[in-house]
Amino acid sequence: MKTLICDCNRTMPLEPQNPQGLVATVRQALGKTPGASADGLETVHSVLCRREAQAFQRAAVQTGREGDELLVACTQEQRLFLELNEQTEGAAPVQERPIRFVNIRETGGWSRDAAQAAPKLAALIAAAQLPAPEPVSTVTYRSSGRCLVVGPAARVQQATALLADKLNLTLLIDSGPAPLPQARTHPVYRGQLASLQGWLGAFQARWTQDNPIDLDLCTRCNACVQACPEGAIGLDYQVDLAACKSHRDCVRVCEAAGAIDFAREPQAVEETFDLVLDLREAPAFTQHQPPQGYRHVPPGADLVPAALALRESEGEFEKPKFFRYQQKLCAHSRNEQIGCTACIDVCSAQAIRSDASRKGKASAGPRRRPDAEGRPVAAVVHDGGGILVEPHLCVGCGACSTVCPSGALSFTYPGTTDQGRRLRTMLNAYAAAGGRDAALLIHSEGAGERVIGELGRAARVKPGIQGVPARVLPVPVWHTASVGLDLWLSALALGASQVLVLLTEEEAPEYRQALTEQMAVAQALLTGLGYEGTHLRLVEAGAASDPASVARLDAALRSAPARTVARPAAFAVQADKRATLELALDHLMAQAPLKAAMPAGTGAAPVAPAAAAAATGLPDAIALPAAGSPFGSLVVDPAKCTLCLSCVGACPESALADNPQQPQLRFTEKNCVQCGLCATTCPEQAITLQPRLWLAEGGKARKAARVLHEAAPFHCVRCAKPFGTLRAIENMIEKLGSHAAFQGAGAERLKMCSDCRVVDMFSNPNEVRITDL
């Protein structure tokens, strides 16, 4: 890949003539980074977007002829370069030869320590040269422009004037006297919106009409207005019941149309719409992210932005399907018992709901319901239990995948393997250029990128602003909540000193809480292993337009680095979340400072888990916060447990198992995701969750099955065959002893195995048989 780099009118210290300068260091680092290329960096431009534009045109023609891609280290003039490529004779179109862009100016070239930013620039360029992620499937919306406008009469009429020429409107007036126009150009209803659900192209609205005048039947002849002696009917064609004296003159003059009926019961109306403009005080959707196609404009707010957006919402639209759901890994429910609800709790779009009652049942295939025109509009992702994720409501925050302890939900835009490849490439290039203590700054491609751009600009013109430090590597993502514990720990194992997550006004409160909890778990792990300092931190920035946000971000990025691994890992991030976590934990434990600081000669062969942990220099276990922990153990109360093994059947991750040879409850701690299904399923309430990371035998003990509880078997009183536990049989006898069916010989049969019970019933001459009745 050919790269064009520009120092933006010599405002960045790239030092093209210095053989030991910044660009030379970048070229050497890219040469040592697998998959990266230094082609094109031998020339540093100063005004590539102006008088040196011919250099871009020559590169566009050359790369198109050779079938190579082109990278331009400038995002400000992205539109200009794309247009210039179209107008250049011999240059391949971007559909055949993509042109990529990377920002090295605001992200580091304009910072006060830009002269030391060679490792950062190498990392940014190497990441930009990576192959594009695999495309993901899409979700389709179809809108024919059927729009419901609901709210006070005057506001509805204002909105009608802005939308009527473009959309097919239906007006629902819920309050306020306002004359209706004489011409009937749109359906008009009077009532209260009872419910609204759906998304762009598939909204289901239901409202009730309780006024005596049915506006759908009303001809607006004004006879009722003229006939009413109290003036209780105005040009809004609704009866003011407080002023009406029940003369019913209006009913008589409207006899032909039949629009007025004081005895009519409140009517429920339900219709389907593609778009909704809600002008009421309280919105129909209270979640942080309402559905696509819904706009709420409260009284006093400007109608124009919402109207402009709705006017462009007719046609067919696509968006990525942001997630992948694997039901077999889901720990939400078993046997109608609820376990993990993390994804449901964190979703700010309310796109995830429980379907616990169907867990384990055969799927009937995707459910679809037709809209008013017979089109299938509501396809669900899974119809076999656990959870249901509605892709039309999903906005791609990825928080569900971040909090999912099992990896049943994963983010796909891009996937963790692509994200992990990018992080590893950045850190490798950074280290190859001599960089130390790299801090990854994860930010959104929207507001996060804007505030970083404002910080870079401020560093250029304001003396008190430092800009993005040389050791801080910006990592743009679709949404900051989509990157979680597996990628954080992987980045630290791969050599990063810190992971910072930039929060702006975009992030919902649910995401902030989830990220805080996940960071607390990760930091507890790292602190327990002896890594000093703060490795993970949320950086609050606010809006990019707020100067205080820029100053806050500038100060926050000046934090001291934290201790990292002595030798970076070489593993590749996996698609399986739990597998990635295990790889990261194994390396972090192997490189743990506590282990490294152990005196020579203390590595004697261990004889017990606690002794094994001490021999490695690590603690026996690291206690983790209960909220958000995907690791932990179980504590079984032996006084309560009857070894009924209902917990074994409930465990979705195979962490619990029985022993066919003897009554035992076995547990593999590595598999436990702390979902709590075992605890909620246990009829004796004998199980308690214990969030922790067990480090016995250098972490090997948690990967092997161990016995949590065992009991002596109960032997059949007739044949002496073991068939249960002593406590289980005693509990059964205690609970059934007073029942009439289990008296005398019946009580003795409770102590027999299943075979002997049958033999005893048929061999007992005193047993009542059906033939004797």
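Residues numbered from 1 in each chain as written. Predicted model: local features only at pLDDT ≥ 70, side-chain atom pairs only at ≥ 80, totals over all residues. Heavy atoms only, no water.

### So, the overall build of the chain
- Helix and strand content of the chain: 24 helices and 32 strands.
- With respect to the principal axes defined by its C-alpha atoms, the chain has extents near 95 × 95 × 50 Å.
- Residues classed as buried in the chain amount to 51% of the 773 residues present.
- Counted over contacts in the chain with a minimum sequence separation of 6, partners at least 24 positions apart contribute 71%.
- Of the roughly 34800 Å² of accessible surface on the chain, a fraction of 52% belongs to carbon and sulfur atoms. (Helix = DSSP H or I, 4+ residues; strand = E, 2+ residues; numbered from the N terminus. Buried < 20%, exposed > 50% of the residue type's maximum accessible area, 1.4 Å probe, protein only. Contact = heavy atoms within 4.5 Å. Areas by Shrake-Rupley, 256 points an atom, 1.4 Å probe, with all protein chains shown as cover.)

### Topic: the state of the cysteines
- A complete count under the given rule lists zero disulfides for this structure.
- C343 supplies the cysteine sulfur nearest to C340, a cysteine that is in no disulfide, at a spacing of 6.2 Å.
- By relative accessible area, C340 is classed as buried at 18%.
- Unpaired in this structure, C678 has its nearest cysteine sulfur neighbour in C675, at a distance of 6.2 Å.
- Residue classification places C678 among the buried residues on the basis of a relative accessible area of 7%. (Disulfide = S-S within 2.5 Å.)

### A word on the packing of helix α14 (residues 485-493) against helix α15 (residues 509-528)
- Two elements in contact, α14 and α15, have axes whose closest approach is 10 Å; the angle formed by their N-to-C orientations is 35°. For α14 against α15, the interelement crossing comes out right-handed. Residues L485, W488, L489 and L492 of α14 form the contact with α15, whose own contacting residues are L515, Q518, M519, V521, A522, L525 and L526.
- Of the residues that constitute the contact of α14 with α15, the class distribution is 10 nonpolar, one polar and no charged. (Axes fitted to C-alpha atoms, helices over the stretch in contact; angles between N-to-C directions. Left-handed = near helix turned anticlockwise from the far one by under 90°. Nonpolar A, V, L, I, M, F, W, Y, C, P; charged D, E, K, R; others polar.)

### Overview of the sheet that holds strand β24 (residues 536-540)
- As summarised here, the arrangement of the four strands in space is β22-β21-β23-β24, forming an open sheet in which the pairing is parallel. Lying at the two open borders of the sheet, with one neighbouring strand each, are β22 (472-477) and β24. In this sheet, neighbouring strand axes are inclined to one another by 25° on average, regardless of whether the strands run parallel or antiparallel.
- Here strand β21 (residues 439-444) runs beside β22; their pairing, made up of six bridges, is parallel. Bridge pairing in β22 places I442 opposite V475. (Pairing = 2+ DSSP bridges.)

### As for helix α2 (residues 53-66)
- Taking 1.5 Å of rise per residue, the 14 residues of α2 would be expected to cover 20 Å, and the 20 Å separating its terminal C-alpha atoms lies within 8% of that figure.
- All of the buried residues along α2 are A53, A55, F56, A59, A60 and T63. For α2, the arc enclosing every buried residue in end-on projection is 145°, short of the 170-degree limit, so these residues lie on one face. Opposite its buried face, α2 presents the exposed residues Q54, R58 and R65, each directed more than 90 degrees away.
- Positive backbone phi, at 70°, marks G67, one or two positions downstream of α2. (Expected span 1.5 Å × (residues − 1). Arc of directions from axis to C-beta.)

### Considerations on the nonpolar core
- Of all hydrophobic cores here, the largest spans 76 residues; its most connected members are V26, W488, L489 and L529.
- Residue contributions to this core peak at nine residues, all from helix α5 (residues 118-128).
- In this structure, V26 is in contact with L41, A118, L121, A122 and I125, ignoring residues within four places of it in sequence.
- One finds L171, A202, A306 and A349 within the second-largest nonpolar core, a separate group that totals 57 residues. (Core = buried A, V, L, I, M, F, W, Y, C linked by side-chain atoms within 4.5 Å.)

### Focus on the sheet that holds strand β9 (residues 192-197)
- With antiparallel pairing, the three strands of this open sheet are ordered in space as β9-β10-β11. Bordering the open sheet on either side are β9 and β11 (267-273), each of which pairs with just one other strand. Across the sheet, the mean angle from the axis of one strand to that of its neighbour is 20°, orientation sign disregarded.
- Relative to strand β10 (residues 203-209), β9 runs antiparallel, the two sharing five bridges. Looking at β10, one finds that L193 is bridged to W207.

### Some details on helix α17 (residues 577-590)
- When the terminal C-alpha atoms of α17 are compared, their 20 Å separation across 14 residues agrees well with the 20 Å that a helix rising 1.5 Å per residue should span.
- Three or more residues of α17 are buried, namely K577, R578, T580, L581, E582, A584, L585, H587, L588 and M589.
- Where α17 begins, the side chain of D576 points an oxygen toward the backbone nitrogen of R578, at a separation of 2.9 Å. (Polar contact = N/O pair within 3.5 Å; in protein donor to acceptor, adjacent residues only side chain to side chain.)

### Points about the environment of G632
- By secondary structure assignment, the location of G632 is in strand β26 (residues 632-636).
- Given a relative accessible area of 1%, G632 falls into the buried group.
- In this structure the C-alpha to C-alpha distance between G632 and I622, which are 10 residues apart in sequence, comes to 9.6 Å.
- Not counting residues up to four positions away in its chain, the partners in contact with G632 are F667, E669, C672, Q674, Q690, P691 and R692.

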